[in-house]
Amino acid sequence: MYDQNNIFAKILRGDIACQKIAEDKHFLSFHDVHPKAPTHALVIPKGSYENAHDFTTHASEEEIVGFWKGVNTTVTTLNLTQDGYRLIANTGPHSRQEVPHFHVHILGGHDLGPKMVMS
Ligand code: DGP
């Protein structure tokens, strides 16, 4: 059951501020409040989806394409295409997902090392 009061739902409603990077009708991207790399952005869909599985199962093809184009727009805006970046989508308890609104982390700005650890 999607929690309408999760922090990213509040950001989408404008109840909480964020440092916005890019936005259109399908996505919003902004800087992570606790960056784990020189560049650490989050991309979220505008629709109410709890995690990657919920999003991919229930979102329309237009929403899914719009979201991933939003990831790409964000990566381009942050000038990460040349040196590269890492995408992470924590999903459910074993991943320790903290915020129950689907989001993709974009990490970059230096060599991230061989593992997918964020902290
Ligand atoms: P995850 O573990 O994948 O659910 O990561 C959630 C991320 O959300 C975490 O890196 C910190 C970030 N975060 C939590 N609250 C806020 C907030 O109010 N604003 C911003 N910009 N980021 C937040």
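Thresholds, definitions, all that
- Residues numbered from 1 in each chain as written.
- Predicted model: local features only at pLDDT ≥ 70, side-chain atom pairs only at ≥ 80, totals over all residues.
- Heavy atoms only, no water.
- Core = buried A, V, L, I, M, F, W, Y, C linked by side-chain atoms within 4.5 Å.
- Buried < 20%, exposed > 50% of the residue type's maximum accessible area, 1.4 Å probe, protein only.
- Helix = DSSP H or I, 4+ residues; strand = E, 2+ residues; numbered from the N terminus.
- Contact = heavy atoms within 4.5 Å.
- Pairing = 2+ DSSP bridges.
- Axes fitted to C-alpha atoms, helices over the stretch in contact; angles between N-to-C directions.

Our focus in this paragraph is the nonpolar core. In this structure, Val43, Phe55, Phe67, Val71, Phe102 and Ile106 are the most contacted members of the largest nonpolar core, which totals 17 residues. Listed by contribution, the elements that provide at least two residues to this core are strand 1 (20-23), strand 3 (39-45), helix 2 (52-58), helix 3 (61-77) and strand 5 (104-108). Top contributing element to this core by residue count: helix 3, with 3 residues. Every residue in contact with Val43, bar those within four places of it in the chain, is listed here: Phe27, Leu28, Ser29, Phe67, Gly70, Val71, Thr74, Phe102, His103, Val104 and Ile106. By size, the runner-up hydrophobic cluster in this structure holds 7 residues, among which are Ile11, Leu28, Phe30 and Val99.

To continue, consider the sheet that holds strand 4 (residues 85-88). With antiparallel pairing, 5 strands are arranged side by side in an open sheet as 1-2-3-5-4. Each edge of the sheet is formed by a strand with only one pairing partner; in this case those strands are strand 1 and strand 4. Neighbour to neighbour, the strand axes of the sheet diverge by 20° on average, direction disregarded. Strand direction decides the pairing type here: strand 4 and strand 5, joined by 4 bridges, are antiparallel. Bridge assignment links Tyr85 to a residue of strand 5, and that residue is Gly108.

Fair warning: the whole summary comes from geometry, so function is off the table for now.
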